[in-house]
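Understanding the architecture of this molecule
Residue strings, one per chain:
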Amino acid sequence: MVSQSRGAHVLVWEQPGLEDQRPKGYTGGLGTRHWVTFMLFLGMANAYVMRTNMSVAIVAMVNHTALPVDKEAVDTECGNVDPNKTVVASSQDGSFVWSSTLQGYILSSFFYGYVITQIPFGILSKRYGARLFLGVGMLINSVFAFLVPLAAEAGYEWLILVRFIQGLGEGPIVPCSHAMLAKWIPPNERSRMGAAVYAGAQFGTVISMPLSGLLSAYGFSGGWPSIFYVFGLIGTVWCIAFLFFVSEDPESCPSIKETEKKYILNSLWGAAGSSSPPIPWSKILLSMPFWAIMLAHMGQNYGYETLMTQLPTFMKQVLHFSIKDNGFVSALPYLCMWLFSMFISVVADWMLSSGRFNHTQVRKIVNSIGEYGPAIGLFIAANTGCNAAATVAILAIGVGLNGGIYSGFKVNHLDVSPRFAGILMAFTNCLANLTGLLAPIVAGYIIEGRPTQAQWRIVFYIAGGVYIVCGTFYNIFGSGRRQEWDNPAEDEALAKKAAAKKAEKLQRKAANNQNEAETAQ
């Protein structure tokens, strides 16, 4: 039987006295688990800094005025371009003559590396632990950031290779963070702790875009190269601190208080990290709630990557923002998303604790806000014309509402299967990022040589349509109930069945060997 813990975002199997698992003398407050959550938050922020800084840097790297543009498709809807702005734009151009299509491949190369390591690290982190994979992977990501300027000067092929390797290093961030949350955070705290960690994505984007814009305009080493030197150094410092000061789990942590350790371990009955039964692959792949999460994740990543990788380019080509202003304006939607994600997680907790909504209803309501909101925002922004203020405001509201996904499908893995949440996240995040890496490529082909409002309207319509289709699929097939294939009560029976099958196999093998020996005699 499944029970829904009051005020929690994850389902736990009934366990007598679960609310009374706090050890005597434990008073709550800040503890080691909050330190781990904070470090994972910074790690997620660092990961998204590395992911998004190229989106702003490439605006400064490319010589836009040298690119061929179809004369019949020149955007004159907003009137003639101000000659003064043209001079300013020319002075801000870089030295690389890369077409929109090639820019799309450069921006997506990171994600090719990123998706390859999702599933392997999800499986390995469950078997060998997540801390080293996460720390070393992000260290590789940070160190290779220093090589981006050299690679760009050597040729776009080398730049694509370096960004691909950075993506490989960042692969462990999501599945390993999920695995560590399952080991460190009690079920009744996972909603807000999980939202806090994944809000690091927006925090990193908010920091990366405006700071990258400032470094492009005023930084050392020619401007844009300083982006990768600064963030590479920050990332390296975080990796060293994480590896030295964060432990794999409460049991291996030397500095945690005994009362807090007992509280965490006692609350993890039937959760990831406390037992490791065989992974029910076939049942997972036949589970519609799993595929609902998968489709919601894929739609989210396509829309999100479209905006994250293309918004700075749109701001320059259509709305004519300077490089310095571009970073600040492009970051505004993600600031709204960060703030809204924290607000909606509290609302979701209130909906559950009120007893008026179950987990399935809360997930679908909040996720609908998170996916339909940006879709509507994209449709409206595609038709705002030359009104820069209105376009930015609508995108900020639409992307801000996207923060609902962190209390929607993003934590739904922990609902349907707490023990296999890391594995499920690895699979959904892998396919979602495969979908997401198509976003800059599709956008690049659409606006190639024709950076007009009409072409950008197509880009926005496609992203909005994907949001709606995938969000609707989730609303039809999603669930907040723990699935029957993740039942801790059946572990002993399954273990006995597996042992009996293994013994029978060994007996047959021994009998066959005996028959072969008798035949030989």
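Everything below is about the structure shown above.
Residues numbered from 1 in each chain as written. Predicted model: local features only at pLDDT ≥ 70, side-chain atom pairs only at ≥ 80, totals over all residues. Heavy atoms only, no water.

Some points on the overall build of the protein chain
A tally of helices and strands in the protein chain yields 22 helices and two strands. Residues classed as buried in the protein chain amount to 57% of the 521 residues present. For the protein chain, long-range pairs separated by at least 24 residues make up 86% of all intrachain contacts whose partners lie at least 6 apart in sequence. Working note: accessible area of the protein chain is about 21400 Å², and carbon and sulfur atoms make up 64% of it. (Helix = DSSP H or I, 4+ residues; strand = E, 2+ residues; numbered from the N terminus. Buried < 20%, exposed > 50% of the residue type's maximum accessible area, 1.4 Å probe, protein only. Contact = heavy atoms within 4.5 Å. Areas by Shrake-Rupley, 256 points an atom, 1.4 Å probe, with all protein chains shown as cover.)

Focus on the side chain of Arg363
Considering the arrangement of structural elements, one finds Arg363 in helix H16 (residues 359–381). The buried category is assigned to Arg363, whose relative accessible area is 0%. A distance of 3.0 Å separates a polar side-chain atom of Arg363 from the backbone oxygen of Ser407. (Polar contact = N/O pair within 3.5 Å; in protein donor to acceptor, adjacent residues only side chain to side chain.)

Comments concerning the pattern of salt bridges
Two side chains bearing opposite charge may form a pair once their charged atoms approach each other closely. Under the defined criterion, the tally for this structure stands at six salt bridges. Arg33 is the partner of Glu260 in a salt bridge, and the nearest nitrogen-oxygen pair spans 2.9 Å. Note that Glu260 is positioned in helix H12 (residues 258–267) and Arg33 in helix H1 (residues 32–61), a separation of 227 residues in sequence. Comparing Glu260 with Arg33 shows no difference in burial state: the two are buried. With its nearest N and O atoms 2.6 Å apart, the salt bridge here joins Lys183 to Glu248. Of the two residues, Lys183 is situated in helix H8 (residues 173–184) and Glu248 in the loop between helix H11 (225–245) and H12; the sequence distance between them amounts to 65 residues. For the pair shown, Lys183 and Glu248 are each scored as buried. Because the salt bridges share partners, they merge into one network encompassing Arg51, Glu170 and Glu305. (Salt bridge = Lys/Arg side-chain N within 4 Å of Asp/Glu carboxyl O.)

A look at the packing of H1 against H8
H8 packs onto H1 with a crossing angle of 170° between their chain directions and a minimal axis gap of 11 Å. It follows that H1 is roughly antiparallel to H8 by the angle criterion. Touching Thr32, Arg33, Val36, Leu40, Gly43, Met44 and Ala47 of H1 are Ile173, Ser177, Met180, Leu181 and Trp184, all from H8. Split into classes, the residues belonging to the contact of H1 with H8 amount to eight nonpolar, three polar and one charged. (Axes fitted to C-alpha atoms, helices over the stretch in contact; angles between N-to-C directions. Parallel < 35°, antiparallel > 145°, perpendicular 65-115°, else oblique. Nonpolar A, V, L, I, M, F, W, Y, C, P; charged D, E, K, R; others polar.)

Concerning the packing of aromatic side chains
Taken as a whole and judged by the stated rule, the model has 17 aromatic pairs. Look at Trp35 and Phe38: their rings are 6.3 Å apart centre to centre, the planes differ by 40°, and that puts the pair in the tilted class. Note that Trp35 and Phe38 are positioned in helix H1 at a spacing of three residues, about one turn of the helix. On the basis of relative accessible area, Phe38 is assigned to the partly exposed category, the value being 41%. Between Trp224 and Phe228 the ring centres are 6.3 Å apart and the planes differ by 80°, which places this aromatic pair in the edge-to-face class. Note on accessibility: Trp224 and Phe228 belong to one class, buried. Among the aromatic side chains, those forming a connected cluster through ring pairs are Trp35, Phe38, Phe41, Phe203 and Trp338. Above the plane of the ring of Tyr48 lies Arg51, whose end atom (NZ or CZ) is 4.2 Å from the centre. Over the aromatic face of Tyr114 sits the side chain of Arg51, whose NZ or CZ is 4.5 Å from the ring centroid. (Phe/Tyr/Trp six-rings, centres within 6.5 Å; stacked < 30°, edge-to-face > 60°. Lys NZ or Arg CZ within 6 Å of the ring centre and 35° of its normal.)

Let's talk about the nonpolar core
Among the nonpolar cores identified, the biggest contains 78 residues, and Leu40, Leu134, Met180, Trp184, Phe242, Tyr334 and Phe460 are the most heavily contacted of them. Considering every element that reaches this core, the biggest residue donor is helix H14 (residues 288–317), with 10 residues. In this structure Leu40 touches Leu134, Ser177, Met180, Leu181, Val197 and Phe242, once residues within four positions along its chain are discounted. By size, the runner-up hydrophobic cluster in this structure holds 25 residues, among which are Val59, Phe96, Trp98 and Phe231. (Core = buried A, V, L, I, M, F, W, Y, C linked by side-chain atoms within 4.5 Å.)

Some thoughts on H8
With 12 residues, H8 ought to run about 16 Å at 1.5 Å a step, and its terminal C-alpha atoms sit 16 Å apart, in line with that. The buried fraction of H8 amounts to 12 of the 12 residues, a majority that puts the element mostly inside the structure. Inspection of H8 places Ile173, Val174, Pro175, Cys176, Ser177, His178, Ala179, Met180, Leu181, Ala182, Lys183 and Trp184 among the buried residues, and these make up the whole buried set. (Expected span 1.5 Å × (residues − 1).)

Structural notes on a nonpolar patch on the surface
On the surface, Trp35, Phe38, Ile240, Phe244 and Phe245 cluster together into a nonpolar patch covering about 590 Å² of accessible area. Taken together, the elements giving at least two residues each to the nonpolar patch come down to H1 and H11. In terms of residues, the nonpolar patch owes the most to one element, H11, which gives three residues. Note on placement: Phe245 falls in helix H11. With relative accessibility at 58%, the residue Phe245 sits in the exposed group. (Patch = residues over 30% accessible without salt bridge, like charges linked within 9 Å, V, L, I, M, F, W, Y side chains within 5 Å.)

Concerning the environment of Val329
Structurally, Val329 is set in helix H15 (residues 323–353). Since its relative accessible area comes to 15%, Val329 is described here as buried. Put simply, Val329 and Ala389 are 60 residues apart on the chain and 10.0 Å apart in space, counted from C-alpha to C-alpha.

Let's talk about the packing of H16 against helix H21 (residues 453–477)
Between H16 and H21, the shortest axis-to-axis distance is 8 Å and the interhelical angle comes to 165°. On the basis of the axis angle, H16 is roughly antiparallel to H21. Judged by the twist between their axes, the crossing of H16 over H21 is left-handed. Here the residues of the contact of H16 with H21 sort into 14 nonpolar, seven polar and three charged. (Left-handed = near helix turned anticlockwise from the far one by under 90°.)

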